[in-house]
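# Geometric and topological summary
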Amino acid sequence: MIFKFSLALIFLFLLSLALLRSTNPGHVDLNTNGERKDFPELELTDETSAKVSLKTLYGKVTLLNFWATWCAPCREELPQFKSLTETFGNDFQIIAINEDDGPDSKAAAGRMWSQYSMPLKTYFDPNHAIANQLSVEALPTSFILDRKGRLVFSAYGVVAWTGGSVKNILKELVAED
């Protein structure tokens, strides 16, 4: 009896945490001192298991997004990502890093992008090595990098990417040389 009660309490606690995390607005950590620091060098793995250096992808304003197919808040951001790619065109890119585990993770990611009509390049971090290196503690987590690969700001949780100050910052970054 006590065991079942304890399990029920643990379940309710975990459910509360999940709901709280999914309903809380995202947090954006702006680099307020204006100093941009080089982002750590990362080796990404694409859907063919080929290794790609993040540095080779610099040259555009980059939204580096950690997500998973099971993450409801991650799915909530997808329509905004589509809008951003349409708004900023070739000066902007989204690099999606999938944190799903298991042998079906690549296929599941592909199905999700197809479902949302998202032509994003996805990379995979099945052992969470990149997420650990960057201290990613929640999904979604995003990093905005300027064209030179320097960190401008980081965000966790669902963020209003297409409105307000975040979109204005992205516009400024795209306008920079």
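These lines cover the structure that appears in this document, whether it is placed above or below.

Criteria and cut-off values
Sequence order sets the numbering: in each chain, residues are counted from 1 along the sequence as written. pLDDT decides what is reported in this predicted model: residues at 70 or higher carry local features, side-chain atom pairs at 80 or more are listed and counted, and totals for whole chains, interfaces and linings draw on all residues regardless. The side-chain values count all of the structure's non-hydrogen atoms but skip hydrogen atoms and water molecules. Helix and strand assignments follow DSSP, with helices taken as H or I runs no shorter than four residues and strands as E runs no shorter than two, numbered in order from the N terminus. Only protein chains enter the accessibility calculation, which uses a 1.4 Å probe; a residue is then buried when its area is under 20% of its type maximum, exposed when over 50%, and partly exposed in between. Residue contacts are counted whenever heavy atoms from the two residues lie within 4.5 Å of one another. For this document, the term salt bridge refers to a Lys or Arg side-chain nitrogen within 4 Å of an Asp or Glu carboxyl oxygen. Put simply, two rings from Phe, Tyr or Trp (the six-membered ring, in Trp's case) pair if the centres are within 6.5 Å, and we call them stacked under 30 degrees between planes, edge-to-face over 60, tilted for the rest. For this analysis, a nonpolar core means a set of buried residues of the types Ala, Val, Leu, Ile, Met, Phe, Trp, Tyr and Cys, connected via side-chain atoms within 4.5 Å. Criterion for a disulfide: a pair of cysteine sulfur atoms within 2.5 Å. Note on method: axes are straight lines fitted to C-alpha atoms, helices fitted across the in-contact stretch only, with angles between N-to-C directions ranging 0 to 180 degrees. Crossing handedness: left-handed means the near helix sits turned counterclockwise from the far one by under a right angle, and right-handed means the same turn made clockwise. Residues are sorted three ways: Asp, Glu, Lys and Arg are charged, Ala, Val, Leu, Ile, Met, Phe, Trp, Tyr, Cys and Pro are nonpolar, and all the rest, Gly among them, are polar.

For the rest of this paragraph, the subject is the overall build of the chain. Helix and strand counts for the chain come out as 5 helices and 9 strands. The order of helices and strands in the chain, counted from the N terminus, is α-β-β-β-β-β-α-β-α-β-α-β-β-α. Split into buried and exposed, the 177 residues of the chain put 42% on the buried side. Sequence separation of at least 24 residues holds for 74% of the intrachain contacts in the chain that already meet a minimum separation of 6.

Before going further, it helps to spend a moment on the pattern of salt bridges. A complete count under the given rule lists 5 salt bridges for this structure. Between Glu 176 and Arg 36 there is a salt bridge whose closest N-O contact spans 2.8 Å. Of the two residues, Glu 176 sits in the segment after helix H5 (164–175) while Arg 36 sits in the loop between strand S1 (27–30) and strand S2 (37–38), which places them 140 residues apart along the sequence. Exposure remark for Glu 176: the relative accessible area of 31% places this residue in the partly exposed category. With relative accessibility at 25%, the residue Arg 36 sits in the partly exposed group. The salt bridge partner of Asp 91 is Arg 147, with a shortest N-O separation of 3.6 Å. Placement of the pair is Asp 91 in the loop between helix H2 (72–88) and strand S6 (92–98) and Arg 147 in the loop between strand S8 (141–145) and strand S9 (150–156), with a sequence separation of 56 residues. Bridged by salt links that share partners, the residues Arg 36, Asp 146, Arg 150 and Glu 176 form one connected network.

By the definition in use, this model includes 5 aromatic pairs. Ring geometry for Phe 81 versus Trp 161: centroids 6.2 Å apart, planes at 55 degrees, classification tilted. Taken together, the residues Phe 81 in helix H2 and Trp 161 in the loop between S9 and H5 connect sequence positions 80 residues apart. The class for Phe 81 is buried, based on a relative accessible area of 1%. The buried category is assigned to Trp 161, whose relative accessible area is 0%. Each ring, one from Phe 153 and one from Trp 161, has its centre 6.2 Å from the other, and the planes form 25 degrees; the classification is stacked. Each member of the pair, Phe 153 together with Trp 161, is buried. Aromatic rings pair up to connect Phe 39, Phe 66 and Phe 143 into one cluster.

Right, let's talk about the nonpolar core for a bit. Phe 66, Ile 144, Trp 161 and Leu 170 are the most contacted members of the largest nonpolar core, which totals 47 residues. Not counting residues up to four positions away in its chain, the partners in contact with Phe 66 are Cys 74, Ile 97, Glu 99, Asp 125, Ile 130, Ala 131, Leu 134, Val 136, Leu 139, Pro 140, Thr 141 and Phe 143.

This model, assessed by the stated rule, comprises 1 disulfide. A sulfur-sulfur separation of 2.4 Å characterises the disulfide bridge that pairs Cys 71 with Cys 74. Its S-S torsion of about 80 degrees marks the bond between Cys 71 and Cys 74 as right-handed, since a negative value means left-handed. As far as burial versus exposure is concerned, Cys 71 and Cys 74 are alike and both buried.

This paragraph deals with the packing of H2 against H5. Geometrically, a packed helix pair is captured by the angle between its two axes and the distance between the axes. Contact pair H2 / H5: the axes reach a minimum separation of 12 Å and the direction vectors enclose 35 degrees. When the axes of H2 and H5 are compared, the crossing they make is right-handed. Between H2, through Leu 84, Thr 87 and Phe 88, and H5, the contact on the second element is made entirely by Lys 167, Leu 170, Lys 171 and Val 174. Residue composition of the contact of H2 with H5, by class: 4 nonpolar, 1 polar and 2 charged.

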